[in-house]
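Spelled out from the first residue to the last, the chains are:
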Amino acid sequence: MGLVQNVCLPFGSWTFQLDFVHPIDVDWRESIVGLTYDVNYEVDGNHYHGSDIQHGKDMWKDGLKNAQGLKVVHIPAILTERKWWRYLDAQLPKALLSPSPTVYVVA
């Protein structure tokens, strides 16, 4: 997939650390600094993302990311376990093809 992990990017006057991002037109011999990204994959753990307050904060951050052309795909942490990789592999293309700028993969 060619993902870059833990990149900090500016969104207006805010800077966010993104879990994983997909760079556009990457030449891996070059530095990752200054690349343009098209998709942000966020891994959400229930402990931190289960509250209404956190959901509101995520929606606000997603809106800022979407305004700069970044599609956001939220992935439940449970799906990062090896036994769920096939399921996740089947769900990611659906998420990427969705016309919605923010997609939640369902566990």
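Residues numbered from 1 in each chain as written. Predicted model: local features only at pLDDT ≥ 70, side-chain atom pairs only at ≥ 80, totals over all residues. Heavy atoms only, no water.

Asks: Explain the overall build of the protein to me, please; I cannot follow it from the model alone.
Replies: Within the protein, the secondary structure is distributed over three helices and five strands. A fraction of 53% describes how many contacts in the protein between residues 6 or more apart in sequence connect residues 24 or more apart. Carbon and sulfur atoms make up 57% of the accessible area of the protein, which totals about 7100 Å². (Helix = DSSP H or I, 4+ residues; strand = E, 2+ residues; numbered from the N terminus. Contact = heavy atoms within 4.5 Å. Areas by Shrake-Rupley, 256 points an atom, 1.4 Å probe, with all protein chains shown as cover.)

Asks: Looking at this model, I keep getting lost on the environment of Val105. Mind explaining?
Replies: Structurally, Val105 can be placed in the segment after strand E5 (102-104). Through-space distance from the C-alpha of Val105 to that of Pro76 is 7.0 Å; in sequence the pair is 29 residues apart. Every residue in contact with Val105, bar those within four places of it in the chain, is listed here: Val73, His74, Ile75, Pro76, Leu79, Leu88, Gln91, Leu92 and Ala95.

Asks: Looking at this model, I keep getting lost on the nonpolar core. Mind explaining?
Replies: One recurring pattern in soluble globular proteins: nonpolar side chains tend to sit buried together. By size, the foremost hydrophobic cluster in this structure holds ten residues: Val39, Tyr41, Val73, Ile75, Leu79, Leu88, Leu92, Ala95, Val103 and Val105. Of all the elements in the fold, those that place two or more residues in this core are strand E3 (37-44), strand E4 (71-76) and helix H3 (85-97). By residue number, the principal contributor to this core is H3, which donates three residues. Leu9, Phe11, Phe16 and Tyr37 belong to the second-largest nonpolar core, a separate cluster that totals nine residues. (Core = buried A, V, L, I, M, F, W, Y, C linked by side-chain atoms within 4.5 Å. Buried < 20%, exposed > 50% of the residue type's maximum accessible area, 1.4 Å probe, protein only.)

Asks: Help me understand the pairing of E3 in this model?
Replies: Each regular strand displays side chains that alternate between the two surfaces of the sheet. Judged by how many residues are buried, E3 sits mostly within the fold: six of eight residues are covered. Here strand E2 (residues 14-23) runs beside E3; their pairing, made up of four bridges, is antiparallel. Within E3, the residue paired with Phe20 across the bridge is Tyr41. One ladder, built from six bridges, connects E3 with E4; its direction is parallel. Within E4, the position partnered with Asp44 by the bridge is Pro76. (Pairing = 2+ DSSP bridges.)

Asks: Explain the sheet that holds E2 to me, please; I cannot follow it from the model alone.
Replies: What links the strands of a sheet is backbone hydrogen bonding, and the strands pair in either a parallel or an antiparallel sense. With respect to topology, five strands assemble into an open sheet ordered E1-E2-E3-E4-E5, the strand pairing being mixed. Edge positions in the open sheet fall to strand E1 (4-11) and E5, since each of these has one partner strand only. Along the sheet, successive strands turn relative to each other by an average axial angle of 40 degrees, direction set aside. Direction of pairing for E1 relative to E2: antiparallel, over a ladder of seven bridges. Residue pairing for E2: Gln5 is matched across the bridge by Phe20. (Axes fitted to C-alpha atoms, helices over the stretch in contact; angles between N-to-C directions.)

Asks: I would appreciate a short explanation of the packing of aromatic side chains in the present structure.
Replies: One pair of aromatic rings is described through two measures. These are the centre distance and the angle between the planes. Within this structure, the stated rule accounts for three aromatic pairs. Aromatic pair Trp14 and Trp60: ring centres 5.1 Å apart, planes at 90 degrees, arrangement edge-to-face. Highlighted residues: Trp14 in strand E2 and Trp60 in helix H2 (residues 52-67), separated in sequence by 46 residues. Taking relative accessible area as the criterion, Trp14 reaches 45% and is therefore assigned partly exposed. Summarising the aromatic geometry, the rings of Phe16 and Trp60 are spaced 5.8 Å apart at their centres and angled 80 degrees between planes, so their arrangement reads as edge-to-face. (Phe/Tyr/Trp six-rings, centres within 6.5 Å; stacked < 30°, edge-to-face > 60°.)

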